[in-house]
Protein chains: 2
Amino acid sequence: MTKSIENLKKSGLKITPQRVAIVEFLSEYGHLSISKMYELVKEKFPSISLATIYKNVNAMIDNGFLKEVKIIGQDSRYELNYGEHSHVVCKECGKVVDIDIDTQTLFKEAEEKSTIKVESSSMVFYGICGECAKGHL
Amino acid sequence: MTKSIENLKKSGLKITPQRVAIVEFLSEYGHLSISKMYELVKEKFPSISLATIYKNVNAMIDNGFLKEVKIIGQDSRYELNYGEHSHVVCKECGKVVDIDIDTQTLFKEAEEKSTIKVESSSMVFYGICGECAKGHL
DNA sequence: CTAAATGCAAAGCATTTGCAAATAT
DNA sequence: ATATTTGCAAATGCTTTGCATTTAG
């Protein structure tokens, strides 16, 4: 069993085949929108309901197993919650790339400048990826 | 006439009293959710429709006059588009504070690590503000 | 065995759209 | 004068809820 499924078990939720599928697709793809997740899981479990996707994603966010990534102009993506990291999004094709940025220094800076005690962050960079840029030649 | 209204004029949209009110409230408050904006403008123009708020906000985003700030767990806020800066949000009371962070260095770093040419970013820090922290004593 | 999860249909909300009347330029 | 904007009501679309049935532990 993969590490993610072990963690899911620890989260207190029951291990249903639908949930396993969601977690496996998230491990494989990294980030998924609700509709893409539904599409993928539906191939394995044609009877799955969109409501089940929503219920599970919400439950997994509530217990900290998943994280939402809000993206301007695109559907939110959901990902396994594995510590602080940032995202770079292609505005054209929607591809999302994870990157590590030293957020500790930034946290401190944000804290000093705002006088709000910072606990987490969401950093999203927007641009055009190589493949999409080629398409504009 | 304030600088913001001058800029609105330049944006190509007609200057209606409703639009002036939206821009003035945004200048005053810095960031507003749709519902707060509606509430405020409605005091001045009781007949304004929520649809008008939406149409105007969308039109002003489309021409780059406004910017959306997506916030996890809270309604999006809208602000006048005045160059790159970051936001610190209190998770409890929803207060949003603007801060300047040197994004150029981060852009470069994000670009190198992702191989996506970065053009803009949205950086939001989350925490608990002083007043809300006091409430927990 | 029983508490939780699924799947369906219905309900709920936020946002958008269509259109006639009003307004900015 | 005319193209745009407003405001209303209706439509859309995403998300949640209620409930009977099924399932995990």
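For the structure, check the block above.
Residues numbered from 1 in each chain as written. Chains lettered and ligands numbered in written order. Predicted model: local features only at pLDDT ≥ 70, side-chain atom pairs only at ≥ 80, totals over all residues. Heavy atoms only, no water.

1. Things to note about the pattern of salt bridges
Inference 1: Tallied over the full model, the rule gives 10 salt bridges over all chains.
Inference 2: Across the pair A:K91 and B:E119 runs a salt bridge, and its minimum N-O distance is 2.9 Å. Here the residue A:K91 occupies a position in the loop between β3 (86–90) and β4 (96–99), and B:E119 occupies one in strand β5 (residues 116–129), the pair thus bridging two chains.
Inference 3: According to the relative accessible area criterion, A:K91 is partly exposed, its value standing at 43%.
Inference 4: According to the relative accessible area criterion, B:E119 is partly exposed, its value standing at 44%.
Inference 5: Among the ionic pairs, A:K95 bridges to A:E131, the shortest N-O distance being 2.6 Å. Residue A:K95 is found in the loop between β3 and β4, and its partner A:E131 is found in helix α6 (residues 130–134); the two are separated by 36 residues along the sequence. (Salt bridge = Lys/Arg side-chain N within 4 Å of Asp/Glu carboxyl O. Helix = DSSP H or I, 4+ residues; strand = E, 2+ residues; numbered from the N terminus. Buried < 20%, exposed > 50% of the residue type's maximum accessible area, 1.4 Å probe, protein only.)

2. Focus on the protein's contact with DNA strand C
Inference 1: In the region of DNA strand C, 19 residues are neighbours, and A:T16, A:R19, A:K55, B:Y54 and B:N58 sit closest.
Inference 2: Counting only the atoms of DNA strand C within 4 Å of the protein, the fraction contributed by sugar and phosphate is 73%.
Inference 3: Take A:K14: an N or O atom from its side chain is 3.3 Å from a sugar or linking oxygen of DNA strand C.
Inference 4: B:K55 places a polar side-chain atom, nitrogen or oxygen, 3.0 Å from a base oxygen of DNA strand C.
Inference 5: Listing elements by their share of the surface near DNA strand C, those giving two or more residues are α2 (17–29) and α4 (50–62) of chain A together with α4 (50–62) of chain B.
Inference 6: Grouping the constituent residues of the surface near DNA strand C by class yields seven nonpolar, seven polar and five charged. (Near = heavy atom within 4 Å. Polar contact = N/O pair within 3.5 Å; in protein donor to acceptor, adjacent residues only side chain to side chain. Nonpolar A, V, L, I, M, F, W, Y, C, P; charged D, E, K, R; others polar.)

3. Looking at the packing of helix α2 (residues 17–29) of chain B against helix α3 (residues 34–44) of chain B
Residues and elements named next belong to chain B.
Inference 1: Contact pair α2 / α3: the axes reach a minimum separation of 10 Å and the direction vectors enclose 120°. By the angle between their directions, the pair α2 and α3 is classed as oblique. In the crossing of α2 with α3, the sense of the turn from one axis to the other is right-handed. Between α2 and α3, the residues in contact are A21, I22, E24, F25, L26 and Y29 and M37, L40, V41 and K44, respectively.
Inference 2: When its residues are assigned to classes, the contact of α2 with α3 shows eight nonpolar, no polar and two charged. (Axes fitted to C-alpha atoms, helices over the stretch in contact; angles between N-to-C directions. Parallel < 35°, antiparallel > 145°, perpendicular 65-115°, else oblique. Left-handed = near helix turned anticlockwise from the far one by under 90°. Contact = heavy atoms within 4.5 Å.)

4. Thoughts on the protein's contact with DNA strand D
Inference 1: Around DNA strand D sit 19 residues, and of these A:Y54, A:N58, B:T16, B:R19 and B:K55 come closest.
Inference 2: Counting only the atoms of DNA strand D that lie within 4 Å of the protein, the sugar and phosphate share comes to 73%.
Inference 3: In this structure, a phosphate oxygen belonging to DNA strand D sits 3.0 Å away from a side-chain N or O atom of B:S47.
Inference 4: A distance of 2.4 Å separates a base oxygen of DNA strand D from a polar side-chain atom of B:K55.
Inference 5: At the level of secondary structure, the elements contributing two or more residues to the surface near DNA strand D comprise α4 of chain A together with α2 and α4 of chain B.
Inference 6: Here the residues of the surface near DNA strand D sort into seven nonpolar, seven polar and five charged.

5. Notes on the packing of aromatic side chains
Inference 1: By the definition in use, this model includes four aromatic pairs over all chains.
Inference 2: Ring geometry for A:F25 and A:Y29: centres 6.3 Å apart, planes at 45°, overall tilted. Of the two residues, A:F25 and A:Y29 are both situated in helix α2; the distance of four residues between them amounts to about one turn of the helix.
Inference 3: Residue A:F25 is classed as buried on the basis of its relative accessible area, which comes to 13%.
Inference 4: Measuring from ring centre to ring centre gives 6.1 Å for A:F107 and B:F125, while their planes differ by 85°; the resulting arrangement is edge-to-face. Taken as a pair, A:F107 in helix α5 (residues 103–114) and B:F125 in strand β5 lie in two separate chains rather than in one. (Phe/Tyr/Trp six-rings, centres within 6.5 Å; stacked < 30°, edge-to-face > 60°.)

6. Focus: the relation of the copies chain B and chain A
Inference 1: You can overlay chain B on chain A at an RMSD of 0.1 Å; the transform is a turn of 180° with a shift of 0.0 Å along its axis. Such a combination of rotation and displacement between the chain copies is what one expects of a two-fold axis. In terms of C-alpha distance to the rotation axis, chain B has B:M123 as its closest residue, with the C-alpha 2.2 Å off the axis.
Inference 2: The share of interface residues of chain B whose copies in chain A are also at the interface is 97%, consistent with both copies meeting through the same surface. (Least-squares fit on C-alpha atoms with pLDDT ≥ 70 in both.)

By themselves these figures say nothing about function.
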